[in-house]
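The lines below spell out each chain.
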Amino acid sequence: MSGHSIPQNLPSYSKAQLALRNGQDKPEIWIAYHGYIYDVSKSRLWFGGTHYEHWAGQDLTDELADAPHTDTVFSRFKIIGTLI
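Just so it is clear, the structure is predicted and the values come from calculations on it, not from any experiment.

A. Examining the overall build of the protein more closely. Looking only at helices and strands, the protein has 1 helix and 6 strands in total. Listing every helix and strand of the protein by position from the N terminus yields β-α-β-β-β-β-β. Relative to a compact globule of 84 residues, whose C-alpha radius of gyration would be 12 Å, the protein shows 12 Å and is just as compact. In terms of its C-alpha atoms, the protein occupies a principal-axis envelope of roughly 30 × 30 × 20 Å. Burial status across the protein gives 37% buried among its 84 residues. Of all intrachain contacts in the protein linking residues separated by at least 6 positions in sequence, the fraction that spans at least 24 positions is 70%. Total accessible area on the protein is roughly 5300 Å²; 51% of this is exposed by carbon and sulfur atoms. Between the centroid of the 7 positive side chains of the protein and the centroid of its 9 negative side chains there is a distance of 10 Å.

B. Structural detail: the packing of aromatic side chains. Enumeration over the complete set of coordinates arrives at 3 aromatic pairs. Between the aromatic rings of Tyr-13 and Trp-30, the centroid separation amounts to 4.9 Å while the plane-to-plane angle is 65°, which identifies the pairing as edge-to-face. Separated by 17 residues along the polypeptide, Tyr-13 in strand E1 (residues 12-13) and Trp-30 in strand E2 (residues 30-33) bring together distant segments of the chain. Owing to a relative accessible area of 7%, Trp-30 belongs among the buried residues under this scheme. Pairing Tyr-33 with Phe-74 gives two aromatic rings, centres 4.3 Å apart and planes at 10°, and the pair type is stacked. Here the residue Tyr-33 occupies a position in strand E2, and Phe-74 occupies one in the loop between strand E5 (54-55) and strand E6 (78-83), the gap between them amounting to 41 residues. Using a relative accessible area of 5% as the deciding quantity, one classes Tyr-33 as buried. Overall, the relative accessible area of 6% leaves Phe-74 in the buried class. Here a set of aromatic residues connected by ring pairs shows up, and it is made of Tyr-33, Tyr-38 and Phe-74.

C. Here's a closer look at the nonpolar core. In this structure, Ile-31, Tyr-38, Val-40, Trp-46 and Phe-74 are the most contacted members of the largest nonpolar core, which totals 14 residues. Residues in contact with Ile-31, not counting those within four places in the same chain, are Leu-18, Tyr-36, Ile-37, Tyr-38, Val-40, Trp-46, Ala-56, Gly-57, Gln-58, Leu-60 and Phe-74. Core analysis: the second largest hydrophobic core is formed by 7 residues, Ala-32, Ile-37, Ile-80 and Leu-83 among them.

D. Broad picture of the pairing of strand E3 (residues 36-39). As judged from the 4 bridges shared by E2 and E3, these two strands associate in the antiparallel manner. Bridge pairing in E3 links Tyr-33 to Tyr-36. The hairpin formed by E2 and E3 contains 2 residues between the paired strands, and His-34 there has a positive phi angle of roughly 50°. Pairing of E3 with E6 involves 4 bridges; the strand directions are antiparallel. Bridging across to E6, Tyr-36 finds its partner in Thr-82.

E. Broad picture of the sheet that holds E3. With mixed pairing, the 4 strands of this open sheet are ordered in space as E1-E6-E3-E2. The strands lining the two open edges of the sheet, one partner per strand, are E1 and E2.

Cut-offs and rules
- Residues numbered from 1 in each chain as written.
- Predicted model: local features only at pLDDT ≥ 70, side-chain atom pairs only at ≥ 80, totals over all residues.
- Heavy atoms only, no water.
- Helix = DSSP H or I, 4+ residues; strand = E, 2+ residues; numbered from the N terminus.
- Rg over C-alpha atoms; globule rule 2.2 N^0.38 Å.
- Buried < 20%, exposed > 50% of the residue type's maximum accessible area, 1.4 Å probe, protein only.
- Contact = heavy atoms within 4.5 Å.
- Areas by Shrake-Rupley, 256 points an atom, 1.4 Å probe, with all protein chains shown as cover.
- Lys, Arg positive; Asp, Glu negative; His and termini not counted.
- Charge placed at Lys NZ, Arg CZ, Asp CG, Glu CD.
- Phe/Tyr/Trp six-rings, centres within 6.5 Å; stacked < 30°, edge-to-face > 60°.
- Core = buried A, V, L, I, M, F, W, Y, C linked by side-chain atoms within 4.5 Å.
- Pairing = 2+ DSSP bridges.

Dropping the structure here:
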């Protein structure tokens, strides 16, 4: 992960727990990428839990290839856990 320090002792979350942080079921807006969960709640680009054709509460690892940006975009967001 480019330019991102990984916090130690991160909590782990299941895909079901991640799915609840979709900007609708709970106030948090989280996404996962390469096993890490990022809090994108403060990003205006994720307002309401969607970002173009992508939905929050999911692992977006396989979808990055279609994005107009690289994984450096994740350095803007706090890593809050790992996906199990």
